[in-house]
Amino acid sequence: MDPQISIDVPPYLRVHKNGTVERLVGIDVAPPGIDPQTNVISKDITILPKTGVTARLYSPTKTSTKLSLLIYLHGGAYCISSPSDPLYHNSLNNLVAEANVIAISVNYRLAPEHPLPTAYDDSWEALQWVASHAVEDGFDGQEKENWIKDKVDFNRVFLAGDSAGANMGHYMCLKEHNFINFKILGLVMVNPYFWGKEPIGIEISDYERKKMVDKWWEFVCPSYKGSDDPLINPFVEEAPDIEGLCVEKVLVTVAEKDILKERGKLYHKKLVNSSWKGSAEFYETEEEDHVFHIFNPGCDKAKSLVKRIAVFINE
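First things first, this report covers the structure right here in the doc. (Residues numbered from 1 in each chain as written. Predicted model: local features only at pLDDT ≥ 70, side-chain atom pairs only at ≥ 80, totals over all residues. Heavy atoms only, no water.)

### Thoughts on the overall build of the protein
Alright, step 1. When helices and strands are tallied, the protein shows eight helices and 12 strands.
Alright, step 2. In terms of overall size, the protein behaves like a compact globule, its C-alpha atoms giving a radius of gyration of 19 Å where 315 residues would be expected to give roughly 20 Å.
Alright, step 3. Here the C-alpha coordinates of the protein stretch approximately 55 × 45 × 40 Å along the principal axes.
Alright, step 4. A buried classification covers 54% of the 315 residues belonging to the protein.
Alright, step 5. In the protein, once contacts between residues fewer than 6 apart in sequence are set aside, the share between residues at least 24 apart is 72%.
Alright, step 6. Total accessible area computed for the protein in this model is approximately 14,000 Å², and 49% of it derives from carbon and sulfur atoms.
Alright, step 7. Side chains of the protein carry 33 positive and 45 negative charges; the gap between the two charge centres is 2 Å. (Helix = DSSP H or I, 4+ residues; strand = E, 2+ residues; numbered from the N terminus. Rg over C-alpha atoms; globule rule 2.2 N^0.38 Å. Buried < 20%, exposed > 50% of the residue type's maximum accessible area, 1.4 Å probe, protein only. Contact = heavy atoms within 4.5 Å. Areas by Shrake-Rupley, 256 points an atom, 1.4 Å probe, with all protein chains shown as cover. Lys, Arg positive; Asp, Glu negative; His and termini not counted. Charge placed at Lys NZ, Arg CZ, Asp CG, Glu CD.)

The structure is reproduced here in structure tokens:
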């Protein structure tokens, strides 16, 4: 390793000895606007001025009735990417067009500059900001965003995310919600990023990838609990009970070649066997790896996954 580098977290980033964080992926930027392929329009807004948290809003260009709202939390192991990443921007355009929804993709702050639980805190504040559009008072004296205020059916709100974003969606749905006129119906978890010290399933034999995922978590959340920190392992004793989910339905999707798939399967199994009263659906894509639909959105399996998510939202 280069002697000027103090921490190497492949394939995401390096931290230099002078403290500079060099991100290797997830740094490209796509501008908002009208997407000619999907006819979806987008724009960037600041939602939390105190912390500088922004978001990218998406809407079909023609909306004659109020639409469901999708609050999206992107992946990237808490340390890379953003809603303006061309891969995520393209993915949200496709999903908004397929599901015919309004979407807001939250640009939470990243580790290591903003160690966990900053990303969770930003996401929770963003959710509160969105929910404030359903009441007169608003959020902390801010003006309301017209696309949300005028275009959204607040009885049909969904949380969604991939990888780390799916993890955070789970925890957003476990918090105490006192929202007024604002109903979160469902949670979409695409290839959720959960982990644990004791390997299960394919993790037992796939030592190299197990070690790599261990390193990711240790980097963004240095903790004496390691991979059994309740933020990454929802089934340790200190973690909130899964039956406390505030939504009526959950969709868990996994990919066959993804080392994280065992945790997604376990999450679904634990949920359906708990006292939670909602309905939990499971969808597995064969012969694909982690968030393949982000990297290869034009393939048939990616299109099928997006259609499955759209059906979940609209059924």
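### Side note on unusual backbone geometry
Alright, step 1. That bond from Ala 111 to Pro 112 is cis: its omega, 5°, falls within 30 degrees of zero.
Alright, step 2. Here Pro 112 lies in the loop between strand S8 (102–107) and helix H2 (118–131).
Alright, step 3. The peptide bond linking Leu 116 to Pro 117 adopts the cis configuration, its omega dihedral lying at 15°.
Alright, step 4. You can see Pro 117 is positioned in the loop between S8 and H2.
Alright, step 5. Notably, Asn 39 is not glycine yet its phi reads approximately 60°, a positive angle.
Alright, step 6. Even without glycine at this site, Glu 287 takes up a positive phi of about 60°.
Alright, step 7. The topology assignment puts Glu 287 in the loop between strand S12 (279–285) and helix H7 (292–295).

### A word on the nonpolar core
Alright, step 1. Among the nonpolar cores identified, the biggest contains 75 residues, and Ile 71, Tyr 78, Phe 182, Tyr 193 and Leu 245 are the most heavily contacted of them.
Alright, step 2. The element contributing the most residues to this core is H2, with eight residues.
Alright, step 3. In this view, Tyr 78 contacts Leu 110, Ala 111, Leu 116, Ala 119, Tyr 120, Ala 164, Asn 167, Met 168, Tyr 193, Trp 217 and Val 220; residues no more than four positions away in its chain are not counted.
Alright, step 4. Ranked by size, the runner-up nonpolar core spans 29 residues in total, among them Ala 99, Leu 251, Ile 294 and Ala 302. (Core = buried A, V, L, I, M, F, W, Y, C linked by side-chain atoms within 4.5 Å.)

### Description of the sheet that holds S12
Alright, step 1. Pairing in this open sheet of nine strands is mixed, and the strands run S4-S5-S6-S8-S7-S9-S10-S11-S12 from one edge to the other. Taken across any chain shown, the strands that pair with only one partner, and hence form the sheet edges, are strand S4 (34–35) and S12.
Alright, step 2. Where strand S5 (residues 40–48) and strand S6 (residues 53–60) come together, eight bridges link them in antiparallel fashion. Across the sheet, the residue bridging to Lys 43 is Leu 57, located in S6.
Alright, step 3. Here H2 sits on the sheet and contacts S5, S6, strand S7 (67–73), S8, strand S9 (152–162) and strand S10 (184–190); the angle it forms with S5, its principal contact strand, is near 110°.
Alright, step 4. Relative to S12, helix H6 (residues 261–272) is tilted by about 160°, and along the sheet it contacts S10, strand S11 (249–255) and S12. (Pairing = 2+ DSSP bridges. Axes fitted to C-alpha atoms, helices over the stretch in contact; angles between N-to-C directions.)

### Some words on the pairing of S8
Alright, step 1. With five of six residues buried, S8 is to be regarded as a mostly interior element.
Alright, step 2. The pairing of S6 with S8 spans five bridges and is antiparallel. Paired with Leu 57 across the strands is Ile 104, a residue of S8.
Alright, step 3. Taking the sense of rotation as the criterion, the β-α-β connection linking S7, helix H1 (residues 86–99) and S8 turns out right-handed. (Right-handed = clockwise from strand over helix to strand, strands pointing away.)

### Focus: the pairing of strand S2 (residues 13–16)
Here is the key point about a regular strand: its side chains alternate between the two faces of the sheet.
Alright, step 1. Burial along S2 is one-sided: Leu 13 and Val 15 are buried, while Arg 14 and His 16, pointing the other way, are not.
Alright, step 2. Where strand S1 (residues 5–9) lies against S2, four bridges are found, and the strand directions are antiparallel. Within S2, the position partnered with Ile 5 by the bridge is His 16.
Alright, step 3. The pairing of S2 with strand S3 (residues 21–23) spans three bridges and is antiparallel. Looking at the pairing, Val 15 lines up with Val 21 of S3.

### Considerations on the packing of aromatic side chains
Alright, step 1. If you walk through the whole model with that rule in mind, you get 12 aromatic pairs.
Alright, step 2. Seen in terms of ring centroids, Tyr 78 and Trp 217 are 5.9 Å apart; in terms of plane orientation they differ by 70°. Their pairing is edge-to-face. Linking Tyr 78 in the loop between S7 and H1 with Trp 217 in helix H5 (residues 207–220), this pair joins segments that are 139 residues apart in sequence. For the pair Tyr 78 and Trp 217, one class covers both residues: buried.
Alright, step 3. Geometrically, the ring pair formed by Phe 235 and Tyr 267 is tilted, given 6.2 Å between the ring centres and 50° between the ring planes. Placement of Phe 235 in the loop between H5 and S11 and of Tyr 267 in helix H6 is noted, with a sequence separation of 32 residues between them.
Alright, step 4. On the basis of relative accessibility, which here comes to 29%, the residue Phe 235 falls in the partly exposed class.
Alright, step 5. For Tyr 267, a relative accessible area of 0% translates into the label buried.
Alright, step 6. Aromatic rings pair up to connect Tyr 78, Tyr 120, Tyr 171, Tyr 193 and Trp 217 into one cluster. (Phe/Tyr/Trp six-rings, centres within 6.5 Å; stacked < 30°, edge-to-face > 60°.)

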